Amino acid sequence: HTHTHTMGGSTSALKLEIANEHVAGDLADGKLHVSIQKPLRCGHLLLTFTGVETTKDFSNDFFSFDHVVYSFDGNVQPGQYSFPFQFRLPDTLGSTIHLSSSEGGRAGISYKLSARAEVSGLGTPPLRDTVPLTIHGCLRSQVAPILASVTTPVQALLRSGSVSLTVSGDQDVFRPGDVVRLAVEVANQSAIEFPRLEMVIMREVTMRSRHSGARTKESRAGFAVFEGVAANQTRTGQNAFVLVHKLKENLAETSSSQHIQCVYRVDIRLMPKFPLFQRKVMVSFPIRVVNCSLHRLSGGQSSSSLNPQAQVFPTSVFTPPPPPAYTSDNLGNNATAALPGTGQTAATVLSGLPPPPSYQEATAAAAVM
């Protein structure tokens with residue numbers, strides 16, 4: 001991650017050093033290395049932390065924050081300089097995701113940290129460097145057990161009956177690649193046979209654009225079929241079904257930005273023998289997909305530098321503000337609020353982008369502690 005340019009036959013360089021992977025809420029640290037080969041007139045040494053949301057319709061910097069690491073304010077003599085920095089990532093950052101059309105629509109949430117040194121002089125470009133950052137969302141609510149049930153009236157051969165379906169599980173948060181294990185109790189008090197029991201992992205991706213407003217696309221992220229029940233059969237207690245399904249290793253995490261939301265739910269479906277004429281029984285509940293394999297990651301672990309004899313400056317410590325939340329607030333109500341680090345209002349940046357729908361806490365992106 002080094003950007004250089006040549007001046008008068010001499011090369012000056014700026015290198016941004018930071019770990020590429022972090023958890024929202026973590027303390028990230030890194031270093032800026034500057035190598036000056038010829039006297040330069042420099043102003044500020046700046047860091048910019050940016051969050052970008054993209055769909056097939058638009059790309060928007062939904063979060064941006066600038067921080068001055070150091071002010072040269074004059075001529076800088078040749079030498080090697082190192083500027084440590086440290087900042088707390090907002091704990092409301094959504095996870096980095098990259099979704100394809102087959103995963104519910106082309107959508108992405110990404111982050112980058114950029115550094116630049118303002119260099120004066122006609123035709124002299126600034127020194128720059130950019131590092132993409134992978135962010136894993138922070139678990140902002142407790143892991144909870146799963147408990148969902150439904151009782152559905154059914155009718156066969158002019159005889160009325162009912163089917164009860166109850167699903168329970170130890171946790172509602174899973175990592176990509178984890179095994180989802182659920183207990184399913186069925187009380188079939190009807191003359192209808194239900195030979196198939198299905199577990200379907202559904203992904204819901206909601207995107208907002210200035211052209212088409214809000215749209216939600218669903219896609220199947222997992223599917224498994226199990227044996228069902230006969231007419232008037234009950235499977236409860238120790239005789240309950242145990243459904244087991246392994247999530248995909250590359251499953252995108254639950255996440256949200258200002259205008260994109262990716263959430264998951266599980267549908268447990270009891271399918272009748274003749275689905276065209278008989279009613280299926282289904283219960284649904286949300287789950288959160290997070291990367292809990294990461295604990296606390298701190299940046300700047302590498303000891304590399306442009307010169308081990310570099311002059312090291314005091315650590316610059318700062319805290320970026322939280323990004324705009326994915327809420328139901330009308331954009332007109334927020335249009336006068338300046339976006340963090342931009343000096344521009346939401347109305348200026350989004351040019352009338354329609355407001356997003358309500359965001360449920362059950363869809364919060366999560367991670368590790």
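This is a predicted model, so every value here is computed, not measured. (Residues numbered from 1 in each chain as written. Predicted model: local features only at pLDDT ≥ 70, side-chain atom pairs only at ≥ 80, totals over all residues. Heavy atoms only, no water.)

**Student:** So what about the packing of aromatic side chains? Which residues, and what values?
**Tutor:** Per the stated rule, a full pass over the model turns up eight aromatic pairs. Pairing Phe-49 with Phe-87 gives two aromatic rings, centres 5.8 Å apart and planes at 50 degrees, and the pair type is tilted. Of the two residues, Phe-49 is situated in strand S5 (residues 40-55) and Phe-87 in strand S7 (residues 79-88); the sequence distance between them amounts to 38 residues. Just as Phe-49 is buried, Phe-87 falls in that class too. Ring plane angle 85 degrees and centroid distance 5.8 Å describe the contact between Phe-72 and Phe-83, whose orientation is recorded as edge-to-face. (Phe/Tyr/Trp six-rings, centres within 6.5 Å; stacked < 30°, edge-to-face > 60°. Helix = DSSP H or I, 4+ residues; strand = E, 2+ residues; numbered from the N terminus. Buried < 20%, exposed > 50% of the residue type's maximum accessible area, 1.4 Å probe, protein only.)

**Student:** If you had to explain a nonpolar patch on the surface to someone new, which residues and values would you point to?
**Tutor:** Nonpolar side chains collect at one region of the surface, where Val-179, Val-242 and Val-244 lie side by side and expose about 220 Å² of accessible area between them. When you line up the elements, Val-179 lands in strand S14 (residues 179-189). The exposure class assigned to Val-179 is partly exposed, which follows from its relative accessible area of 45%. (Patch = residues over 30% accessible without salt bridge, like charges linked within 9 Å, V, L, I, M, F, W, Y side chains within 5 Å. Areas by Shrake-Rupley, 256 points an atom, 1.4 Å probe, with all protein chains shown as cover. Salt bridge = Lys/Arg side-chain N within 4 Å of Asp/Glu carboxyl O.)

**Student:** Provide a residue-level description of the environment of Phe-72, including the pertinent values.
**Tutor:** Structurally, Phe-72 is set in strand S6 (residues 59-76). Looking at Phe-72, the relative accessible area reads 16%, which means it is buried. When the C-alpha atoms of Phe-72 and Arg-41 are compared, they prove to be 8.2 Å apart, with 31 residues separating the residues in sequence. Setting aside anything within four residues of it in sequence, one finds Phe-72 in contact with Cys-42, Gly-43, Leu-45 and Phe-83. (Contact = heavy atoms within 4.5 Å.)

**Student:** Provide a residue-level description of the confidence of the model for the protein chain, including the pertinent values.
**Tutor:** Mean pLDDT for the protein chain: 78, with 75% of residues reaching 70 or above. Counting contacts from residues 328-369, a segment whose pLDDT is below 50, to residues more than four positions away or on other chains yields 111 contacts. (pLDDT = per-residue confidence, 0-100.)

**Student:** So what's going on with the nonpolar core? Which residues, and what values?
**Tutor:** A general feature of soluble globular proteins is that nonpolar side chains tend to end up buried together. One finds Leu-32 and Ile-268 to be the most contacted residues of the largest nonpolar core, which totals 76 residues. Ranked by the residues each element gives to this core, the list is headed by strand S9 (residues 107-119), at seven residues. For Ile-268, the residues in contact, after removing those within four places along its chain, are Leu-165, Val-167, Leu-182, Val-184, Leu-197, Glu-198, Met-199, Leu-243, Val-281, Met-282, Val-283 and Phe-285. (Core = buried A, V, L, I, M, F, W, Y, C linked by side-chain atoms within 4.5 Å.)

**Student:** Give a description of the pattern of salt bridges that names residues and reports values.
**Tutor:** Going through the model one piece at a time under the given rule, you end up with 10 salt bridges. We note a salt bridge from Asp-178 to Arg-175, for which the minimum N-O separation is 3.3 Å. What makes Arg-175 partly exposed here is its relative accessible area of 35%. Between Lys-273 and Glu-193 there is a salt bridge, with the nearest N and O atoms lying 3.8 Å from each other. Of this pair, Lys-273 sits in the loop between strand S20 (260-271) and strand S21 (281-289) while Glu-193 sits in the loop between S14 and strand S15 (194-209); the two residues are 80 residues apart in sequence, bridging distant segments of the chain. Among the charged side chains, a network of salt bridges with common partners joins Glu-204, Glu-218, Arg-265, Asp-267 and Arg-269.

**Student:** Summarise the side chain of Asp-267; cite the residues concerned and give the values.
**Tutor:** Topologically, Asp-267 is positioned in strand S20. Its relative accessible area of 1% is what places Asp-267 among the buried residues. At 3.4 Å, the side chain of Asp-267 and the side chain of Arg-269 are in polar contact. Residues within four places of Asp-267 in sequence aside, it is in contact with Glu-198, Met-199, Val-200, Met-202, Met-282, Val-283 and Ser-284. (Polar contact = N/O pair within 3.5 Å; in protein donor to acceptor, adjacent residues only side chain to side chain.)

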